[in-house]
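The residues making up each chain are set out below.
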Amino acid sequence: MRNLKTEKVEIVKEKVKIKKEAKMKKPLTLLMLIVPLFILAETDAVVTDEEVTVEGEVVEIEEVLPPNGEVNIVQARIKTQNQEMTQAHLGPKWFLDDEIKVGDKLKLQGLLKENTLKVRVLERNENQYTLRDAKGEPLWVRTRLQEKKCIYNPVKEKTMKGKIEDLYVTGESLNLEAQVRVKENERVRIQVGPEWFLRNRVRIGDEIEFRGSHIDFDGGQMLLVREMRNLRNKEEVTLRNRQGFPEWAGKEGEQLQKRVQNEKRDGSRTGEMQQKRINEEPDQGKGK
């Protein structure tokens, strides 16, 4: 009887031991499954975010609005020498000083992610263009400067002529600004208008004639353009009325103009703030 009881106790102990070992093996098994998946995920991330160089011929081109983007950019399909197809995101049409066409031979450098090449450097006909920085951030988007005084003064209007050397958008309102060389050693910074209002009417390298008035901002002055004529395509654009109110603001802008003028006569600073707001929020008259 004693031997039988001893055997039963030993059997029970063995079962408990087996259960404990099984419980310990489960986390190890899960860990062994998770680790390879983690390694694969890390490997894929390295491959997709690697900078690559692609050379080939443009076979298709169009303007698209990329995911999380606010400005249309040029998208090109490139056929390489190995007959492989690559989709490349370049930059806004107005940021390129020459139009990309089907049949062009391009050399592109950039980050390959999700089967799309975000081009950092573009080479064509021995000319090189930098479109994005080392982190892949677009160079056509800049930090908006803070205006000190944003009142358009028609009395101080100037008419100038020059070549656009740099063109970009600033702030949430995506206003187009440019650096224009008016003389050999003289450059002026100008604010034109919202990108959606001016899209592709001007681009880097264009010769333009423009009329406007200076406004002050941190770091200097900038010319707020009222009228502009592009000498490349002979197109004339009216951006603001004689009091400096934006054409894109529509009827609401005209009503706001009257209120601002009344507030200015009262000596209130509200007029200045209202004019500043309408220049920062161009969507008021969009689509009208």
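Just above, that's the structure.
These remarks concern the structure in this document. (Residues numbered from 1 in each chain as written. Predicted model: local features only at pLDDT ≥ 70, side-chain atom pairs only at ≥ 80, totals over all residues. Heavy atoms only, no water.)

## Description of the side chain of Asp206
Part 1 of the argument: Of note, Asp206 is situated in the loop between helix H2 (195-198) and strand S12 (207-217).
Part 2 of the argument: With a relative accessible area of 2%, Asp206 lands in the buried category.
Part 3 of the argument: Within the structure, the side chain of Asp206 is placed 3.0 Å from the backbone nitrogen of Arg203, a separation counted as a polar contact.
Part 4 of the argument: Of note is the side chain of Asp206, whose polar atom sits 2.6 Å from the side chain of Arg232.
Part 5 of the argument: When residues no more than four places from it in sequence are discounted, the contact partners of Asp206 are Gly162, Lys163, Ile164, Arg201, Asn230 and Arg232. (Helix = DSSP H or I, 4+ residues; strand = E, 2+ residues; numbered from the N terminus. Buried < 20%, exposed > 50% of the residue type's maximum accessible area, 1.4 Å probe, protein only. Polar contact = N/O pair within 3.5 Å; in protein donor to acceptor, adjacent residues only side chain to side chain. Contact = heavy atoms within 4.5 Å.)

## Considering the side chain of Arg203
Part 1 of the argument: Tracing the backbone shows Arg203 in the loop between H2 and S12.
Part 2 of the argument: Residues contacting Arg203, with those up to four places away along its chain left out, are Lys93, Trp94, Leu96, Asp97, Asp98, Glu99, Ile164, Leu167 and Arg232.

## Describing the pairing of strand S3 (residues 85-89)
Part 1 of the argument: Two elements, strand S2 (residues 73-80) and S3, share 5 bridges in a ladder whose sense is antiparallel. By the bridge assignment for S3, Lys79 is matched with Met85.
Part 2 of the argument: Once S2 ends, the chain turns through 4 residues before running back antiparallel as S3, passing Gln83 with a positive phi of about 65°. (Pairing = 2+ DSSP bridges.)

## Notes on the pairing of strand S5 (residues 116-124)
The side chains of a regular strand alternate, first on one face of the sheet and then on the other.
Part 1 of the argument: Strand direction decides the pairing type here: S3 and S5, joined by 3 bridges, are parallel. Across the sheet, His89 pairs through a bridge with Lys118, a residue of S5.
Part 2 of the argument: With 7 bridges joining them, strand S4 (residues 105-113) and S5 adopt antiparallel strand pairing. Following the sheet pairing, Gly110 is matched in S5 by Val119.
Part 3 of the argument: Here S4 folds back onto S5 in antiparallel fashion, the turn holding 2 residues, of which Glu114 has a positive phi close to 55°.
Part 4 of the argument: Between S5 and strand S6 (residues 127-130), which pair antiparallel and follow one another directly, the connecting turn spans 2 residues, one of which, Asn125, has a positive phi of 50°.

## Side note on the layout of surface pockets
Part 1 of the argument: Taken as a whole, the largest pocket holds about 740 Å³ of empty space.
Part 2 of the argument: Forming the boundary of the largest pocket are 23 residues, of which Pro66, Pro67, Asn68, Lys118 and Arg132 lie nearest the centre.
Part 3 of the argument: Of all the elements in the fold, those that place two or more residues in the lining of the largest pocket are S4 and S5.
Part 4 of the argument: The residue inventory of the lining of the largest pocket, partitioned by class, reads 9 nonpolar, 6 polar and 8 charged. (1 Å grid on protein atoms, 1.4 Å probe; cavity = no way out; pocket = protein on both sides within 12 Å on 5 of 7 lines; lining within 4 Å. Points joined across faces, edges and corners; volume = space filled by probe spheres on them. Nonpolar A, V, L, I, M, F, W, Y, C, P; charged D, E, K, R; others polar.)

## Some details on the nonpolar core
Part 1 of the argument: Core analysis: the biggest nonpolar cluster contains 46 residues, and Leu90, Ile190 and Phe210 have the highest contact counts within it.
Part 2 of the argument: Residues Tyr152, Ile215, Phe217 and Leu224 belong to the second largest nonpolar core, which totals 5 residues. (Core = buried A, V, L, I, M, F, W, Y, C linked by side-chain atoms within 4.5 Å.)

## Quick notes on the pattern of salt bridges
Part 1 of the argument: A complete count under the given rule lists 15 salt bridges for this structure.
Part 2 of the argument: Across the salt bridge formed by Glu157 and Arg226, the nearest N and O atoms sit 2.5 Å from each other. Here the residue Glu157 occupies a position in the loop between strand S8 (147-149) and strand S9 (158-170), and Arg226 occupies one in strand S13 (residues 220-230), the gap between them amounting to 69 residues.
Part 3 of the argument: What makes Glu157 partly exposed here is its relative accessible area of 23%.
Part 4 of the argument: One salt bridge in this structure joins Arg201 and Glu235, with 3.8 Å as the shortest N-O distance. (Salt bridge = Lys/Arg side-chain N within 4 Å of Asp/Glu carboxyl O.)

## A few points about the environment of Val64
Part 1 of the argument: Structurally, Val64 is set in strand S1 (residues 51-64).
Part 2 of the argument: Put simply, Val64 and Ala76 are 12 residues apart on the chain and 10.0 Å apart in space, counted from C-alpha to C-alpha.
Part 3 of the argument: If we skip the residues at most four places from it in the chain, Val64 touches Val71, Asn72, Ile73, Gln75 and His89.

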